[in-house]
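# Tertiary structure, described
One-letter residues, chain by chain:
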Amino acid sequence: MSCNGNSNHEHPPLPEWNSLNYPELPPMPWFGLDIGGSLAKLVYFEPTDNTESEETEVETLKNIRKYLKNNRSYGDTGHRDVHLQMDSVLIGGRKGSLHFIRFPTSEMALFIELAKSKGMATLASTVCATGGGAYKFEKQFFKELHMRLHKFDELESLIRGIEFMEANSPTECYYLENPKSDTAEKICYDFSDPYPFMVVNIGSGVSILKVTAPGEFTRVSGTRCDCNYLADLGGGTFLGLCCLLTGCASFEEALELASQGDSTKVDKLVKDIYGGGYEKFNLDGNLVAASFGQMISTDRRAKVKREDLARATLVTITNNIASIARMCALNEKISRVVFLGNFLRSNMISQKLLSYGMEYWSKGALRALFLEHEGYFGCVGCLLELITQREDYILQENLKNNLLNGAATVNGTTPPPPTEVSGTPNPPEMRNGSS
Ligand SMILES: Nc1ncnc2c1ncn2[C@@H]1O[C@H](COP(=O)(O)OP(=O)(O)OP(=O)(O)O)[C@@H](O)[C@H]1O
Ligand SMILES: CC(C)(CO)[C@@H](O)C(=O)NCCC(=O)O
């Protein structure tokens, strides 16, 4: 089958979607999809300001809305994060709620099957998608659902999503007070004047970005890069190693084990080597000298518990990410570092370590910040791109009409769509964010 809709399937081929021939708001349902290396994240915009004509929306649309809203789980592995739902959100002049759903990328075939069974293939909808999977699964989406993925860059989408959520959710950003104590407390952080800031997105791998103005950013580094901060570590490393070392089967299980473990049974500390601190160079005895350093001993290996191994893995990965983030921030002279990505989902151990690590090693110069919607910014940004593209189109057309007609303004009017539908949709130009 070709990807231009010319094959002999039972549904009529869909027209090429291109914002430049689509001046009206895109038809519902509105989704943003971020298909990452580990998790696929879906945001669904449910309009709550429906007009009378929309109340008689097509049956399929109604069913999809009902199915998504009335469930918290989809199949065996899809979950809606109900606690993150946002109501009364304005997007493209429409008011509605944002629903946040995730499922493992490894289950993409099942997800597509589920979407098919709910009638998605009969809706002439375009889904905005980002993340590596938007490329990897593009053909499958078209083949199974006759759905064209409108692809957006993942890091651009991420930054757009952060900016939108911050502006729409006053309690989005927080930091931890007393991160080392048991009573560490989440404190709301006013992030309304955020620039410049650094983003450390901990997904399967890690991307580190410097954001200098709205929509302006550069990718400073990953955990693997050509600027000496080479580590190749991320959330995928944690889960992979943990599965290997403990036999655990999920992120949730890995975190549960880690919460009951003691990493000092696994790591070699400065005091294990010095009997105390290394005073001359101000190294506290409790600092880790060598992660997993105790595991060279047969005796220690015989005694170590799964919980300890899980904890040590979590601590090792988190501390390495903190260290790389700190070096990048100091290098770029940026004091606010926003950590996000699903590695931090329900993961207070890492949030505390990152907070403490940033503060301790920078002697208070750096602050670790966190965002409530952890791993969902990419899919939100992706959904927003669709609307912006349309608004850009209207602005451009208005300008063109003004020039052609010599009219002063034609504000507020939506120009008619061009009659011809042509060409393959172009990916949006990278406005910024070169790697
Ligand atoms: N239910 C889960 N299943 C798998 N991993 C999870 C889960 N919840 C949290 N995680 C953690 O989150 C990480 C994935 O985070 P995220 O969804 O932000 O990245 P991604 O988009 O999949 O990856 P990338 O951006 O690198 O392609 C995993 O590697 C794991 O450490
Ligand atoms: C490859 C991506 C961008 C996919 O989201 C991410 O996993 C990542 O930034 N990984 C780290 C790559 C690096 O170390 O530069």
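Residues numbered from 1 in each chain as written. Chains lettered and ligands numbered in written order. Predicted model: local features only at pLDDT ≥ 70, side-chain atom pairs only at ≥ 80, totals over all residues. Heavy atoms only, no water.

## Structural notes on the packing of helix 7 (residues 235-246) against helix 8 (residues 251-259)
To describe two helices that pack against each other, one gives the angle between their axes and the distance between the axes. Following both chains from N to C, one finds helix 7 and helix 8 inclined at 70 degrees, their axes separated by 10 Å at the closest point. Here helix 7 lies roughly perpendicular to helix 8, going by the angle between them. Contacts from Phe-238, Leu-239, Cys-242 and Thr-246 in helix 7 reach Phe-251, Ala-254, Leu-255 and Leu-257 in helix 8. Among the residues forming the contact of helix 7 with helix 8, the class breakdown is seven nonpolar, one polar and no charged. (Axes fitted to C-alpha atoms, helices over the stretch in contact; angles between N-to-C directions. Helix = DSSP H or I, 4+ residues; strand = E, 2+ residues; numbered from the N terminus. Parallel < 35°, antiparallel > 145°, perpendicular 65-115°, else oblique. Contact = heavy atoms within 4.5 Å. Nonpolar A, V, L, I, M, F, W, Y, C, P; charged D, E, K, R; others polar.)

## Structural notes on unusual backbone geometry
Here the bond from Met-28 into Pro-29 is cis, since omega is 5 degrees, no more than 30 degrees from zero. For the peptide bond that leads from Tyr-195 to Pro-196, omega is -10 degrees, which places it in the cis range. At Ser-88, a position not held by glycine, the phi torsion is positive, near 55 degrees. The residue Ser-88 is located in strand 5 (residues 86-91) in this model. On the basis of relative accessible area, Ser-88 is assigned to the exposed category, the value being 54%. Located in the positive-phi region is Asn-178, a residue other than glycine, with phi close to 50 degrees. Tracing the backbone shows Asn-178 in the loop between strand 9 (173-177) and strand 10 (185-188). (Buried < 20%, exposed > 50% of the residue type's maximum accessible area, 1.4 Å probe, protein only.)

## Quick look at the site of ligand 1
Neighbouring ligand 1 are 17 residues; Gly-37, Ser-38, Leu-39, Lys-41 and Ser-204 lie closest to it. The backbone of Ser-38 places a nitrogen or oxygen atom 2.8 Å from an oxygen atom of ligand 1. One of the backbone N or O atoms of Gly-236 is found 3.1 Å from an oxygen atom in ligand 1. Protein burial of ligand 1: of its 650 Å² of free accessible surface, 86% is covered by the chains. Put simply, the parts of the chain that give the shell around ligand 1 at least two residues each are strand 2 (39-47), helix 7 and helix 8. Per element, the largest residue contribution to the shell around ligand 1 is three residues, and it comes from helix 7. In the shell around ligand 1, the residues fall into four nonpolar, ten polar and three charged. Formed jointly, the shell around ligand 1 draws a minimum of three residues from each of two domains, domain 1 (7-159 + 377-434) and domain 2 (173-258 + 309-371). (Near = heavy atom within 4 Å. Polar contact = N/O pair within 3.5 Å; in protein donor to acceptor, adjacent residues only side chain to side chain. Areas by Shrake-Rupley, 256 points an atom, 1.4 Å probe, with all protein chains shown as cover. Domains from an automatic or database assignment.)

## Focus on the pattern of salt bridges
Between side chains of opposite charge, a pair can form when the charged atoms approach closely. Inspection of the entire model under this criterion finds twelve salt bridges. Here Arg-65 ties to Glu-46 by a salt bridge, and the two come within 3.5 Å at their closest N and O atoms. Note that Arg-65 is positioned in helix 2 (residues 59-70) and Glu-46 in strand 2, a separation of 19 residues in sequence. For the pair Arg-65 and Glu-46, one class covers both residues: buried. Judged by relative accessible area, which is 5%, Glu-46 ranks as buried. One network of salt bridges, in which partners are shared, links Glu-46, Arg-65 and Lys-69. (Salt bridge = Lys/Arg side-chain N within 4 Å of Asp/Glu carboxyl O.)

## What about the nonpolar core?
Counting 64 residues, the largest nonpolar core has Ile-91, Leu-98, Phe-100, Met-108, Phe-141, Ile-162 and Val-199 as the members making the most contacts within it. Here this core spans two domains, and each of domain 1 (7-159 + 377-434) and domain 2 (173-258 + 309-371) adds at least three residues to it. For Phe-100, the contacting residues outside a window of four places in its chain are Leu-42, Val-43, His-79, Arg-80, Asp-81, Leu-84, Gln-85, Met-86, Met-165, His-373, Tyr-376 and Val-380. Residues Val-220, Leu-257, Ala-310 and Cys-328 belong to the second largest nonpolar core, which totals 37 residues. (Core = buried A, V, L, I, M, F, W, Y, C linked by side-chain atoms within 4.5 Å.)

## Quick word on the domain arrangement of the protein chain
How big an interface is tends to be reported as the loss of accessible area on association of its parts. Parsing the protein chain into structural domains produces domain 1 (7-159 + 377-434), domain 2 (173-258 + 309-371) and domain 3 (267-303). The tally of links between domain 1 and domain 2 comes to one residue pair in polar contact (both at pLDDT 80 or more). If you list the elements that add at least two residues to the side of domain 1 that touches domain 2, you get strand 2 and helix 6 (154-168). Top contributing element to the side of domain 1 that touches domain 2 by residue count: helix 6, with four residues. When grouped by side-chain class, the residues that make up the side of domain 1 that touches domain 2 number five nonpolar, five polar and three charged.

## A look at the pairing of strand 7 (residues 126-130)
The buried count for strand 7 comes to five of five residues, which makes it a mostly enclosed element. Along strand 7, one buried face is formed by Thr-126, Cys-128 and Thr-130 and the opposite face, lined by Val-127 and Ala-129, is buried too. The pairing of strand 1 (residues 30-35) with strand 7 spans three bridges and is parallel. Across the sheet, Gly-32 pairs through a bridge with Cys-128, a residue of strand 7. (Pairing = 2+ DSSP bridges.)

## Observations concerning helix 2
An ideal rise of 1.5 Å per residue puts 16 Å on twelve residues; helix 2 measures up with 16 Å between its terminal C-alpha atoms. Listed as buried for helix 2 are Leu-61, Ile-64, Arg-65, Tyr-67 and Leu-68. For helix 2, the angular spread of the buried residues around the axis is 165 degrees, confining them to a single face. Exposed residues lying more than 90 degrees from the buried face of helix 2 are Glu-59 and Asn-70. Along its buried surface, helix 2 packs onto strand 1, strand 2, strand 3 (73-74), strand 4 (78-80), strand 6 (94-104) and helix 3 (108-117). (Expected span 1.5 Å × (residues − 1). Arc of directions from axis to C-beta.)

## Some details on the packing of aromatic side chains
This structure, assessed with the given rule, holds 17 aromatic pairs. The side chain of Lys-186 reaches across the aromatic face of Tyr-174, ending 4.5 Å from its centre. Here Arg-367 stacks its cationic end above the ring of Tyr-175, 4.0 Å away from the centre of that ring. (Phe/Tyr/Trp six-rings, centres within 6.5 Å; stacked < 30°, edge-to-face > 60°. Lys NZ or Arg CZ within 6 Å of the ring centre and 35° of its normal.)

## Let's talk about the confidence of the model for the protein chain
Summing up the model confidence of the protein chain, the mean pLDDT is 84 and the portion of residues at 70 or higher is 81%. Taken as a whole, residues 1-22 scores under 50 in pLDDT and shows 47 contacts with residues more than four places along the chain or in a different chain. Per-residue pLDDT stays below 50 along residues 407-435; that stretch engages in 53 contacts with residues further than four places along the chain or on separate chains. The ipTM, which scores confidence in the relative placement of chains, is 0.97 for this predicted complex, and the corresponding pTM is 0.86. (pLDDT = per-residue confidence, 0-100.)

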